[in-house]
Amino acid sequence: MIANYGFNATLTARPAMGDQLVDLLLTGLNEGSPGASEHCVVYLVSRSASSPDIVHVTEGWTSEEDHHRIFAGEAAQAIVAQIDGLLAKESEYTDYVPVHGKAAF
């Protein structure tokens, strides 16, 4: 499948809560979670090299509609609800239309 819609999110955890934030975000790859959906073709969780409480999420989806539909579901909303308690400030989002590239793990 090809990513036709995506976004980057920068999340800043409360001090010393970066590990918890990363662990929670990685549950998004569990069976039944958004990142495990066939419509999610890229789900990458990264940390800032200089500040471990800054976490970046890059997602690529088959379509914007698929992304919104999956994120409206219970599994995604449960993760989002838990994320809010770990954040020091509002998350920053940038959406995009993928052109080309590669993601292999």
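An account of the accompanying structure is given in this report.

Calculation notes
Residues numbered from 1 in each chain as written. Predicted model: local features only at pLDDT ≥ 70, side-chain atom pairs only at ≥ 80, totals over all residues. Heavy atoms only, no water. Core = buried A, V, L, I, M, F, W, Y, C linked by side-chain atoms within 4.5 Å. Buried < 20%, exposed > 50% of the residue type's maximum accessible area, 1.4 Å probe, protein only. Helix = DSSP H or I, 4+ residues; strand = E, 2+ residues; numbered from the N terminus. Contact = heavy atoms within 4.5 Å. Pairing = 2+ DSSP bridges. Axes fitted to C-alpha atoms, helices over the stretch in contact; angles between N-to-C directions.

### Digging into the nonpolar core
Thinking step 1. Counting 23 residues, the largest nonpolar core has Leu 11, Leu 21, Leu 25, Val 45, Val 57, Trp 61 and Ile 83 as its most contacted members.
Thinking step 2. Of all the secondary-structure elements, those providing two or more residues to this core are strand E1 (5–12), helix H1 (18–26), strand E2 (40–47), strand E3 (54–61), helix H2 (64–71) and helix H3 (74–84).
Thinking step 3. Those residues in contact with Leu 11, other than ones at most four positions away along the chain, are Leu 21, Asp 53, Ile 54, Val 55, Val 57, Ile 83, Leu 87 and Ser 91.

### Overview of the sheet that holds E1
Thinking step 1. Spatial ordering of the open sheet is given by E2-E3-E1-E4, a layout of four strands whose pairing is antiparallel. Strands with a single pairing partner mark the edges of an open sheet, and in this sheet they are E2 and strand E4 (92–96). The sheet shows a mean angle of 10° between the axes of neighbouring strands, taken without regard to direction.
Thinking step 2. Strands in contact with H2 are E1 and E3; relative to E3, the strand with the most contacts, it is inclined by about 120°.

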